[in-house]
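Fold and contact review
If you want the building blocks of each chain, they are given just below.
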Amino acid sequence: MLHPLYSLKEEVENLFIRFGFKEVEGYEIVDRYENFEFLSFHPFHLSIEERNAFILKNGKLLRTHTSSMQYKMMRSFSPPFKLFSSGRVFRKELSGIHRYVFEQIEGLWMDTTLTFKGLLNFLNVFIKKLIKVEKIVFMPAYYPYAHPGFKIVSFCPVCKGKGCRLCKHTGFLEIMGAGMVSKNILEKADIDSNIWKGFAFGIDLQAISVFKFRLEKIDTFLRNNYFTFKNFKKYVV
Ligand SMILES: [Zn+2]
């Protein structure tokens, strides 16, 4: 029997493939350039991000997000392309949803005809195939490598918007972060920003698992208890 998180990962990956995306093999040890500088982290933002990174003795680090794969994708493939990469990311921070290691999936779509409106429409359809939520909200968000950038949130499935520990008492949970790839990122990758436009979006697998399994405590889910997992199967929506 597969861990429910891995079954969910396969499900999300299959959804990407159904939407015409090709998988790119990822790697966990990256250099600062791939993880931060290529993605245009501002010095202030960078200091916060760096504090949360596990730095290795050789100066490399464990990637803090799968957006670090954008470097490989843009350098190794010529547009047009639709690519995704999934895997573990590592941060020295804890939240209602995360422990130090968690899973993300990054999508990158590059073509000449992509528009911001097209990105919103695409993600609307994509999320409806992924999870059953009554309402999703697009909220402006800052990502140094995406402009405009936004996150997609929905009412916390545990407290139904009233506020609980899991959603840090906001009533909302983030489903994914997304945006149009910034022009300066395209230029750094030698992609002509007057011709090519990009969609980038990152999904947090554990956040999706909260919606799918109506989890109240992520710890229960991360323990390797066979009987707990058998129960989770029933709650898949
Ligand atoms: Zn909540």
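A short tour of the structure in this document, coming up. (Residues numbered from 1 in each chain as written. Predicted model: local features only at pLDDT ≥ 70, side-chain atom pairs only at ≥ 80, totals over all residues.)

A few words now on the packing of helix 1 (residues 4–18) against helix 7 (residues 205–213). Between two packed helices, what matters for the description is the angle formed by their axes and the separation of those axes. Contact geometry of helix 1 with helix 7 gives a least axis separation of 10 Å together with a crossing angle of 100°. The angle between helix 1 and helix 7 places the two elements in the roughly perpendicular class. Residues P4, L5, L8, K9 and V12 of helix 1 lie in contact with helix 7, whose contacting residues are L205, I208, S209, K212 and F213. Taken together, the residues that form the contact of helix 1 with helix 7 break down as seven nonpolar, one polar and two charged. (Axes fitted to C-alpha atoms, helices over the stretch in contact; angles between N-to-C directions. Helix = DSSP H or I, 4+ residues; strand = E, 2+ residues; numbered from the N terminus. Parallel < 35°, antiparallel > 145°, perpendicular 65-115°, else oblique. Contact = placed C-beta atoms within 7 Å. Nonpolar A, V, L, I, M, F, W, Y, C, P; charged D, E, K, R; others polar.)

One open sheet accounts for seven strands, arranged 1-4-5-9-8-7-6; its pairing is mixed. The sheet is open, and its two borders are formed by strand 1 (22–23) and strand 6 (137–140), each paired with just one other strand. By the bridge criterion, eight bridges tie strand 7 (residues 146–155) to strand 8 (residues 172–181) in an arrangement that is antiparallel. In the sheet register, G149 faces strand 8, and the bridge partner there is G179. Helix-sheet contacts for helix 5 (residues 116–130) involve strand 6, strand 7, strand 8 and strand 9 (197–204), and the interaxial angle to strand 8 is about 145°. Lying over the sheet, helix 7 contacts strand 5 (101–111), strand 8 and strand 9, oriented at roughly 60° with respect to strand 9. (Pairing = 2+ DSSP bridges.)

What follows covers the environment of P148. Following the sequence through the fold, P148 ends up in strand 7. The exposure class assigned to P148 is partly exposed, which follows from the 14 C-beta atoms found within 10 Å. Between the C-alpha atom of P148 and that of E174, which follows or precedes it by 26 residues, the distance is 17 Å. Ignoring any residue separated from it by four or fewer positions in sequence, one finds P148 in contact with F116, P140, G179 and M180. (Buried ≥ 20, exposed ≤ 12 C-beta atoms within 10 Å, placed from the backbone.)

One recurring pattern in soluble globular proteins is that nonpolar side chains are buried together. V12, A178 and I208 are the most contacted members of the largest nonpolar core, which has 50 residues in total. In terms of residues, this core owes the most to one element, helix 7, which gives six residues. Residues within four places of V12 in sequence aside, it is in contact with I105, L130, I203, L205 and I208. (Core = buried A, V, L, I, M, F, W, Y, C linked by C-beta atoms within 7 Å.)

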